[in-house]
Every structure is written in C-alpha cells, then in structure tokens.
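# Close look at the chain arrangement
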Amino acid sequence: MSDCGADRTGKMDAPRKLYVKSFGCQMNVYDSHRMADALAKEGYVETSEASDADLVILNTCHIREKAAEKVYSELGRLRKAKAETGRETLVAVAGCVAQAEGAEIMRRAPVVDLVVGPQSYHRLPDLLTEARAGRRPVDTEFPADDKFDHLPAPSLAATRKRGPTAFLTVQEGCDKFCTFCVVPYTRGSELSRPVAKIVAEAERLADQGVRELTLIGQNVNAFHGLGPQGRSWNLAELLHRLAQIPGIDRLRYTTSHPRDMGEDLIAAHRDLPELMPYLHLPVQSGSDRVLKAMNRRHGRDLFLDIVERMRAVRPDIALSSDFIVGFPGETEAEFEETMDLIAHVGFAGAYSFKYSPRPGTPAADLSDQVAEEVMTARLHRLQAALEASKRAFDRSCVGRTFDVLLEKPGRMPGQVIGRSPYLQSVVVDRPGAAIGSFVRVTITEAGPNSLAGRILPIPAPTSVPPLAALEA
Ligand code: SAH
Ligand code: SF4
Ligand code: F3S
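This one's a predicted model, so the numbers in the text were calculated from it and none came from an experiment.

## Re the site of ligand 1
- The environment of ligand 1 is formed by 16 residues, the closest being F180, Q218, Q284, D322 and S356.
- Within the side chain of R64, a nitrogen or oxygen atom sits 3.0 Å from an oxygen atom of ligand 1.
- At 3.3 Å, a side-chain N or O of R296 approaches an oxygen atom of ligand 1.
- Protein chains bury 90% of the 530 Å² of accessible surface belonging to ligand 1 in isolation.
- Those elements giving two or more residues to the shell around ligand 1 turn out to be β15 (318–325) and β16 (349–354).

## Some thoughts on helix α3 (residues 95–108)
- Helix length check: α3, at 14 residues, gives a terminal C-alpha distance of 17 Å against a target of 20 Å (1.5 Å per residue), a shortfall beyond 12%.
- E101 marks where α3 bends most, by close to 95°.
- Among all positions in α3, only G95, C96, V97, A98, Q99, E101, G102, I105 and M106 are buried.
- In the core, the buried residues of α3 are packed alongside β3 (55–60), α2 (65–85), β4 (90–94), β5 (114–116), β6 (138–139) and α7 (183–186).

## Observations regarding the pattern of salt bridges
- In this structure the tally under the stated criterion is 30 salt bridges.
- Across the pair R77 and E74 runs a salt bridge whose closest N-O atoms are separated by 2.8 Å. You can see R77 and its partner E74 sitting in helix α2, 3 residues apart, about one turn around the helix.
- By relative accessible area, which is 9% here, E74 ends up buried.
- Of the charged contacts in the structure, one is a salt bridge between R309 and E263, with a shortest N-O distance of 3.1 Å. One end of the pair, R309, is in helix α12 (residues 300–313); the other, E263, is in helix α10 (residues 263–271), and 46 residues separate them in sequence.
- Using a relative accessible area of 26% as the deciding quantity, one classes R309 as partly exposed.
- The class of E263 is exposed, set by a relative accessible area of 51%.
- Among the ionic contacts, a cluster of salt bridges with common partners joins K21, E74 and R77.

## Section: the sheet that holds β4
- Taken in spatial order, the 6 strands line up as β2-β1-β3-β4-β5-β6 in an open sheet, and their pairing is parallel. With partners counted over all chains shown, the strands left at the sheet margins are β2 (44–46) and β6, one partner each.
- Where β5 lies against β6, 2 bridges are found, and the strand directions are parallel. Counterpart to V115 in the pairing with β6 is V138.
- Sheet contacts for α3: β3, β4, β5 and β6; angle to β5, the most-contacted strand, approximately 145°.

## What to know about the site of ligand 3
- Neighbouring ligand 3 are G24, C25, N28, T60, C61, H62, I63, C96, R187 and Q218.
- Each residue belonging to the shell around ligand 3 can be placed in one class, and the counts come to 4 nonpolar, 5 polar and 1 charged.

## Section: the layout of surface pockets
- Approximately 400 Å³ is the volume attributed to the second largest pocket.
- If you go around the second largest pocket, you meet 19 residues; those closest to its centre are A36, E46, A158, K161 and R162.
- Looking at the lining of the second largest pocket, the elements that each hand over two or more residues are β1 (16–22), α1 (26–40), β2 and α6 (156–162).
- For the lining of the second largest pocket, a count of residues per class yields 10 nonpolar, 4 polar and 5 charged.
- Split by domain, the residues of the lining of the second largest pocket number at least three in each of domain 1 (16–139) and domain 2 (153–276).

## Topic: the UniProt feature "domain: Radical SAM core" (unreviewed entry) in the chain
- Under the UniProt annotation, "domain: Radical SAM core" (unreviewed entry) lies at residues 160–394.
- Taken end to end, residues 160–394 is 40% helix and 17% strand, and its two terminal C-alpha atoms sit 30 Å from one another.

Calculation notes
- All chains use their own residue numbering, which begins from 1 and follows the written sequence.
- Ligands are numbered from 1 and chains lettered from A, in the order in which they are written.
- Where local features are concerned, this predicted model is filtered to residues with pLDDT of at least 70; where side-chain atom pairs are given and counted, the filter is 80 or more; whole-chain, interface and lining totals use all residues.
- As a convention, hydrogens and water are excluded, and side-chain values are obtained from all of the structure's heavy atoms.
- Nearness here has a simple test: a residue counts as near a molecule or strand if at least one of its heavy atoms is within 4 Å of that partner.
- Here a polar contact means two N or O atoms within 3.5 Å. Within protein one must be a hydrogen donor candidate and the other an acceptor candidate, and residues neighboring in sequence count only if both atoms are side-chain atoms.
- The Shrake-Rupley method, run with a 1.4 Å probe sphere, supplies the accessible areas, and residue values consider only the shown protein chains as cover.
- The helix count covers DSSP runs of H or I at least four residues long, the strand count covers runs of E at least two residues long, and both are numbered beginning at the N terminus.
- The span one expects for a helix is its residue count, reduced by one, times 1.5 Å.
- Throughout, bend refers to the angle between the axes fitted to the seven residues that end at a position and the seven residues that start at it.
- Relative accessibility decides the category of a residue: with a 1.4 Å probe and only protein chains considered, values under 20% of the type maximum give buried, values over 50% give exposed, and everything between is partly exposed.
- We call two residues contacting when some pair of their heavy atoms lies within 4.5 Å.
- Here a salt bridge means any side-chain nitrogen of Lys or Arg lying within 4 Å of a carboxyl oxygen belonging to Asp or Glu.
- In this analysis, strands are considered paired if DSSP registers two or more bridges between them.
- Fitted lines through C-alpha atoms give the axes, limited to the stretch in contact for helices. The angle between two N-to-C directions lies from 0 to 180 degrees.
- Residues were grouped as follows: Ala, Val, Leu, Ile, Met, Phe, Trp, Tyr, Cys and Pro as nonpolar; Asp, Glu, Lys and Arg as charged; and all remaining residues, including Gly, as polar.
- A cavity here means a set of points on a 1 Å grid, drawn over the protein atoms and nothing else, where a 1.4 Å probe fits but cannot get out; a pocket is an open set with protein on both sides within 12 Å along at least five of seven lines, and a residue lines either one if it has an atom within 4 Å of a point.
- Grid points are joined across faces, edges and corners, and a volume is the space filled by probe spheres set on the points.
- Domain extents, as shown, originate in an automatic or database domain assignment.
- UniProt positions are given in the numbering used here, feature names are shortened, and annotations may be inferred rather than shown by experiment.

Structure representation (structure tokens):
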C-alpha cells in the first residue's frame, strides 16, 4: 500500500490524496464533507481526480435500484484503472449501500478495502489502519453515542472551498416506514442532535463566511432536539434561534414530511425573514388509496390544506415536491389524481421517479407490480407537466427583484452565478464581485436552467463582509 503522508509516529512527508464521490441526497453530501474533514486531520488533502488519489471513498445511495447499482459500475472502473496504472489506491465504500449490503460488496468487489456505514464515519482513521493491514474491515454498527461528537468541524479552508452556503445535519434517521423506502433501515431510527451543538456548528460556519444554512434531516420537521433547560425544541424554535446568529442571512430546511408540518413551523415562515419562501414537501401521490398503501400517514386533503395555510402566511411561497409513479397497484385513474394535484398546486420544482422495488421493504412483496412501460409512460406525462409548471414559475419571476447570494464565477468573464430565494441559479454581470455577498437583482430573462438579471445600484443587506474577493 502507498504509505506517504503522516506515518504511525505522526511524521509528515507528501500529503495523501483523498477523492470522495457522493451518490446520494444532501445528507450524503454533508457526510462526505465530514469524512473529508475527519481525514484532513490524518493528513489527507482532497483531489478532484480518482486516478490521482491514495484513498477513494464512494459515498453511496440505496434509495432506488439504479442508484445502488451505480456503485458497482464505479467499482469496475476503479478496478480497471488500478490495474492499468499500478497505483496502490485504497478503496472505501461508505453510505447507504454500505449499510445495506456491506458483506455482499466485499464478496462482489475484491477491489474494495473497507466498508463503512453512515453511523461509523468517526471510526474511519482506525478502519483505514486495518485496511492497510489487508484486513478488509466492514463496520455497519449503529453505535449508541453521537457520531457527530467524534467528527471534527470543517476548517476555514474547507468552508471557503465549499462557498457561502452549507448543509447542517440536525436530525437523522426515520421512523415513518413508508412501504417503498429503505431509509429507516439504512439510517436507523430518528435521532435529533442537541440544540447547543447545532448552534455551535452554525456559529462556526457563520464565522467562516457561510451566509446560507440548509438544515437537513430525513424527516427534518420531526426535529425534537434537547434544548437548554432540558426541554425538547421543535424545528420552529431551532430556526428562530439560528436566525439570531450574526452572518446567517438565509435559512432553509429539507426534507419535510406533511405529517410534521406543525402550526408553529408554518408561522415561522410568516415571522422569520431569514427563512426562504421555498418549501420542499414530498407528497409522492395524489391518490388517497395509494398514499395509504404507501403508509404515508396522510391523505391528499392534508397536503392541500398545508399548501393553503403556507400560502396564507407567506403569499410568495413556492413549493416543490417528490413523486413516485407506478407504486404497486396504481391504476390509471389514481395516476390521474396525481396529475390533477400538480395542476391544482402549481409546483415551482419537483423530483419524480418510477417506483423501484427495494429489498426488505413491504411494497417490494406486493403482487400487483406495475409494468415498466406503463411506469415509463406515466413518468413522461408527469415530468412534462412538472417541467411546464416549473417554467411557468420561472417566467413569472421576470420583472421581479430578488436578493441574490453570489456563489461562484460564471462561464463568461465578469459573470457571477448566485441563488435566488427560490433556489434558482441567477447569472449576473459583475466583474470583481465578491463571492458570498448579496446583490439586489431584477430578473430579465428565464432560461431552461437559470435566470438572468440586472444588478440594481441599491446594496442588498449584508450583515458581515463577504467571504473572499472574486477575480473577474
Ligand atoms: N424523507 C423524505 C424523502 C426521502 S427519499 C420523505 O419522506 O419524503 C427521497 C425521495 O425518493 C422520496 O421522496 C421518494 O419520492 C423517492 N423514493 C424513495 N424510495 C423510492 C423507491 N423505492 N422507488 C422510487 N422512488 C423512491
Ligand atoms: Fe423514507 Fe418515508 Fe421516512 Fe421519507 S418518511 S425517509 S420516504 S420512510
Ligand atoms: Fe440515498 Fe441514503 Fe440519502 S439511501 S437518499 S443516501 S439517506
């Protein structure tokens, strides 16, 4: 094995190089960052090329079959590259596929040196020592302690590289057991982090230049973290507290479940200017029968009622959602109910998927699986309607004025790309603009992937100086 970098006595020579690839959701991305932060302490620096790395971590996703299979094709590529270059790269598989099929991965892919589940990332340094000794460890335990306690916070350099927006995990796992979903098995039962730790992490990120925080959790609005004085806080209380942190100008949260959209969370959208007027609220289907079979624990009416209440407190709110077509037994008429729901709501964005039977989930055993070609046809219709709805929303933004948080240089000289309150990419001309600053922009054009706008000569409110000057 390559053994440059810090040796067992702590001496340093050339740094080891680390390549981490995320295949999953925002929490998967957050975890990748935490792994990179933990390994930075071990002398690893990140590289953007797998071929250049001493350690490759594939952070996998098990949510649908296609996502899970990706890891095996990636491992095949790595095996070939290793054989061609002769480079002794350690290969680790992390994430939800690791959790679900740890031993199977080791059997199917001899190129893999270690498997680590999402609850064990703090043990990575020890696992690497074992892997270097050729022991091929598999760690998919669910430890009782809080893994976050053992993972280091990001360094200033890491945060700067990641830009002025950051994810922050506040809750992990799920107890809802929707009949199609693997998350309760791969991430375990619902666990909220204590408020003080979340606040400390948010303050540190704000000090490092982060302006926008997205609180993440598989069931983020079920958050019930231990607060000061031993009382449990809900998500609305947490958002109010985080909004007080100087430098945190924007807050978002994802992913919410309709069942947990409490009155005070809805009210927070009225009361907190920092809370962006955009809500991702998965509904999956517009049919009550399908929702029941999915064990979603709510019907179509509850979802529509939430939409109405959100719009009452925050008329400029935009909504996005997740949909599954072809859940076992879904009839044409039930699919039409989903089409009807989207026409009624007018979503500004959405993710939609064909149902994918997942091993170990109740729906995979249902006898009335929907034919592939039926699912394909339904998905096409659904996606065409959702795309039209998104384009209509984007066009309705032309002429409106938004504060845009500048995130990265654009493709053309002098161009900068930022985000609107609705998560749209906005391209503006501002040579020399500072990444991490806000500008006030009137939207002039809505393209298929981004908006274009003109910066107004009025400064947008920024509470603290931006992250770094941009060479334009
Ligand atoms: N916790 C969130 C979503 C988690 S997974 C929620 O409760 O909604 C993200 C999305 O993947 C889901 O909203 C669902 O639309 C989709 N998904 C999950 N399992 C799936 C499966 N077996 N087949 C197809 N799509 C699935
Ligand atoms: Fe999966 Fe349902 Fe839990 Fe969401 S609420 S993570 S879809 S089981
Ligand atoms: Fe995928 Fe695991 Fe996230 S299954 S969606 S990476 S929680």
